[in-house]
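Tertiary structure, described
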Amino acid sequence: METLSYFLPQVWFGILALFLFLYVMLDGFDLGVGILSVTASSEDRRDILMTSLSNIWDANETWLVLMGGGLFGGFPLAYATILNALYIPIFVMLFGFIFRAVAFEFREQSTRKVLWNLAFGGGSFLAALGQGFALGAVLKGIEVDAKGHFIGGTWDWLSWQSILVALTLIQGYVLIGSTYLIWKTTGELQETHYKTAKLASITTLIGAILITIVTPIFYEQARMRLFDRPQVYVFALIPLLGVVLIWLLLKSLDRKQERMPFVWTILLFVLTFLGLALVVFPYIIPSQITIYEAAADPSSLVIMIVMIGALIPVMLFYNLYQYVVFRGKITGGHYE
Amino acid sequence: MDFLSDTLVLSRMQFALTAIFHMLWPVLTTGMSIYLVIVEGIWLKTRNKDYYYHARFWSKLFVLNFGIGVATGIPMEFQFGTNWAPFSEAVGNFFGSVIGFEASWAFMLEAAFLGIMVFGWERVNSVIHYLSTILVAVGSNLSTFWILTANSWMQTPAGGELVDGKFVVRDYFEAITNPFMLNSVLHMFFATLETSLFVIGGISACYILKNRHHEFFSKSFKIVVAAAIAVAPLQLYIGHLSGEQVYHYQPAKLAAMEAQWETIPAGQGGDWSLVAFPNEKAQKNDWEITVPNALGYILEFKKELTLPVKGLKEWQPEDRPHLVGLIYYAFRTMIAIGFFLAGLMLISTLQWMRGKLSPENISQQRWLMGSWIFAAPLGYIAIESGWIVRCVGRQPWTLYGQIRTVDSASNLPASNVLTSLTAFAVVYSILFFCVLYFGSRIIRRGPRFDLPIPGLEPQPALETQPGEFIPDERPVEAKQ
C-alpha cells in the first residue's frame, strides 16, 4: 500500500503531463495561427489560415478539457486550489476560447468579416495570454494554508515574472504556428511565415534565456533543486540542447525546408516541457503541495488509469488518423 | 441589491446562467447526430440523392450549434474549480473522475470524427464517412451519459461516504449506477432527440408552408414524424418514472414541485393543484385551483396514496428548496410541453395515415405545419424547465443530503464573480442572437443541390463526346 500511494500519483502525474504537453503542442500551433491571422494581408489569406484549422481546432482544444478533467479527478486539491487562485487568467482564457470558437462558425456565414476576424485573432491572443499568466503564476508559487487551500489575493498571478512567461509563451505559440503554416501552405503565404518563424524563434529564444537566468536567481526553491548534484548536469544540458535546437531550426528555415522547422519546434517544446516538469516534480503546486498530498484516493487513481489511461492509444490513433485524412497543403479557402 | 456583494449568490447565478445557455446547443447536436445517422443511412441504402442533400443541409446547422456548444461548454468544466473549489476538493474522487471520463470517452471521440464528418465527404470513402457520422453520434450521446451520471450522483449519492469532508468511493459501479442514473440518462437522451426532431420538423414545415422545395422537405418531415411516434410517448413514460423517483428519494423537491406545504398522510387521496400562487413567507399557497384526488393517480395510479406525500413544512426552512414558485411552474411547463408534443405527433400520424402528407397534399396542411413551427422551440423550454426543477429543487444541497451549497463555494471577492458573471451575460446574449441570425440565414439560403455527390465519378469525356464513325474499308482478309 505504501508503494502504491507513491506509484499511482506518479503514473497519473505522468499521464497529465502527457495531456498538457499534447495540448500545448497542438493547440499551441492552433492559437499561434490565430494570433498570426491578425497580420494576414488579405481576406483570402485569412481564409486559408482558418481552413488549415477548421477540422482540428476542436480536437486540439479537447486535450485541455481532458487535462482539466484528469486534474479534477486525479488531484482534486490541486484542481480546486489552482483554479481558485487563477480566477482572472482562467476566465481571460475561457473568453478567448469563446470568441475564437464562434469566429470559426460565424465568419464563414458572415459577409462583414471584420468583427469575426477580430474575434478570431483577439480570442487566440487572449487564450494564450491567460495560459501564459496561469503558467507564470503557478511557477512563481501560489499562497496556500496548511490544508493546501488558496489564501492569496486576487491579483497574485500578476507579476513581472508572470508577464515574462506569458510573453514568451505567446512567442512560442507564434513560432509553432508559423512552422505549421510553412508545412501546410505554399507560395507567398509560405514565404511570409518563413519570416514570422524566424522572428518568433529569436524572440522566443530571448524569452527563454531570460526565464532560465531569472528562475535560479529569484526562486530559492528552484535554485536548490537546480544546483543539486547530479541534477545540475541534466539542467545544464537542457539550455545547451535548446540552443542547438534553435540553431538547427534557423538553419532549416534558411534552407527553406518545409517540414523540418515544425519538427525542430516540436522538439524545442518537448525540451522546455521536460525542463519545467523536472523543476516542478514532485510538486503539483510548486514548492507547496506535492502530488502525494493532492492525489485522489488510490482507488480513484486506479479506476482513472483504467478508464482514461487505457484510452490514450485509441485517442492518439484517431487524432492521428484525421491528420492523415486531411494531409497535404491547404489550397482553397473553403471546405464545403 | 445585497446579492451583488454575495459571492455565493453570484457564483450560483453564474453557474445557472452558463448552464442554461450552454445547454441550448448540445441539446440540438446530440439529438441531431442521431438524425444525421438515419439520413445518411437512407442515402447509402437507397442512393436517393435527396437524402444526401439532407445530410449536407442539416449538418450545416449541426456544425453551427456544435461550435457554440464547445465554446460555452469549456467554461462549465472550469467553473467547478474556480467558483466551487471546496466542492471540487470534496467530491473529486468520484465527480472529477466522471468529468475526466466524459472528456476521454465522449468529447475526444466526437471532436476527432467531426472534422471527417463535416469536411471529409471527398476525402474518405462512404463506409468510413458513415462510420465517422456514427462515431460522432456515439460520442455526443456518451457525453449525455457521463454528464447525467455525474448529476444523478449529486442527486442520489451512492457508492461511498464522506470521510473527513471528502467523498471516498467504496464501489465505483454502485456510484455510477446510482438510483437516479438510468432514468435520468434516458430522460435526457429522449429529451435531446425529441427537441431535435421537433426543430427539424418545424424547419421542414416552414419550407413546406412556403412551398419551397416542399417535396424535398416532406421527406425530412416524414422521418421526423416516424421517429416521434416512438419518442414522444416514451418520453412521457420515462418522465413519469423520474417523477416517481423524486417522490421516493427527494421528497422535499417533490413538495416544492407540487407547492405542497402540508403533509398528506398515507391512505388518503391527495389533491393536485393545477395553478397556484405559492407564498414562501406565509408557508401556504395564496390561491390555487386543484383537481381533487388527482395526486394519488399521478404518483401511484390509484386514488389513495400508499406513502405519505410530505409537505414542505416537514423541513426546517434552511433545509428545504426555495424559489418554490419557480420550481412549481417550471415543472408544469415541462409537462404541458411534453403532452403538447405527444399530441401533435398523434395528429400528424393520423394525417399521414389519411394520406395528407403526400407531396401533393402536404402544402395544404397549413394549420398542421403552423403547429410544427410553433412546436420547434418548445423542446428547449421543456428541457430548461426540467433542469431548473432538477437543480433548483436539489437546493440547499450540492451533494444531496451531504454537502450544502453554502459550503461548496470558493471564497472569492464578489467583484471578481460579478465581473465574470456580467461578461458571461453580455457575451452569451450576443451569441444567442448571432446563432439565431446565422441559423436563420442558413435556413433562408436553403439546401444546396449543386454539391458534388461522393462515389459518383464524373462522366468520362469519351462517352459524352462520341468520336466520328469511320467505316472500316479494309479488305475482309485484313479485318481480324
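The structure presented is a predicted model; accordingly, all values stated were derived computationally and were not measured.

In this section: the overall build of chain A. A count of helices and strands for chain A gives 14 helices and 2 strands. For chain A, whose C-alpha radius of gyration is 20 Å, the value lies close to the compact-globule estimate of 20 Å for 336 residues. When the backbone C-alpha atoms are referred to their principal axes, chain A occupies close to 60 × 40 × 40 Å. Out of the 336 residues belonging to chain A, those deemed buried represent 57%. When contacts within chain A are restricted to residue pairs at least 6 apart in sequence, long-range pairs at least 24 apart make up 80% of them. Surface exposure of chain A reaches about 13900 Å², of which carbon and sulfur atoms provide 71%.

Turning next to the pairing of strand β3 (residues 272–279) of chain B. Residues and elements named next belong to chain B. Bridging between β3 and strand β4 (residues 284–291) involves 6 bridges; their strand directions are antiparallel. Within β4, the position partnered with W272 by the bridge is V291. Once β3 ends, the chain turns through 4 residues before running back antiparallel as β4, passing Q283 with a positive phi of about 55°.

The subject of this paragraph is the environment of P9 of chain A. All names here are of chain A. Mapping P9 onto the fold places it in helix α1 (residues 2–37). Look at P9 and you get buried, because its relative accessible area is 2%. Counting along the chain gives 75 residues from P9 to N84, while the straight-line C-alpha distance between them is 22 Å.

Here we come to the packing of helix α1 (residues 7–46) of chain B against helix α6 (residues 181–209) of chain B. Residues and elements named next belong to chain B. Interhelical geometry of α1 versus α6 gives an angle of 80° and a closest axis separation of 7 Å. Taken together, the axes of α1 and α6 are roughly perpendicular relative to one another. Mapping the contact onto sequence places V27, L28, T30, G31, M32, I34 and Y35 in α1 and M188, F189, T192, L193, T195, S196, V199 and I200 in α6. Partitioning the contact of α1 with α6 into residue classes produces 10 nonpolar, 5 polar and no charged.

To continue, consider the pattern of salt bridges. Residues and elements named next belong to chain A. Per the stated rule, a full pass over the model turns up 16 salt bridges over all chains. Between R100 and D30 there is a salt bridge, with its nearest N and O atoms 2.5 Å apart. One end of the pair, R100, is in helix α5 (residues 87–109); the other, D30, is in helix α1, and 70 residues separate them in sequence. What makes D30 buried here is its relative accessible area of 0%. With its nearest N and O atoms 3.0 Å apart, the salt bridge here joins K329 to E258. Of this pair, K329 sits in the segment after α14 (312–325) while E258 sits in the loop between α10 (231–254) and α11 (260–280), and the two are 71 residues apart along the sequence. Given a relative accessible area of 28%, K329 falls into the partly exposed group. Counted as one network, the salt bridges with shared partners bring together E43, R46, D47 and R107.

Conventions adopted
Residues numbered from 1 in each chain as written. Chains lettered and ligands numbered in written order. Predicted model: local features only at pLDDT ≥ 70, side-chain atom pairs only at ≥ 80, totals over all residues. Heavy atoms only, no water. Helix = DSSP H or I, 4+ residues; strand = E, 2+ residues; numbered from the N terminus. Rg over C-alpha atoms; globule rule 2.2 N^0.38 Å. Buried < 20%, exposed > 50% of the residue type's maximum accessible area, 1.4 Å probe, protein only. Contact = heavy atoms within 4.5 Å. Areas by Shrake-Rupley, 256 points an atom, 1.4 Å probe, with all protein chains shown as cover. Pairing = 2+ DSSP bridges. Axes fitted to C-alpha atoms, helices over the stretch in contact; angles between N-to-C directions. Parallel < 35°, antiparallel > 145°, perpendicular 65-115°, else oblique. Nonpolar A, V, L, I, M, F, W, Y, C, P; charged D, E, K, R; others polar. Salt bridge = Lys/Arg side-chain N within 4 Å of Asp/Glu carboxyl O.

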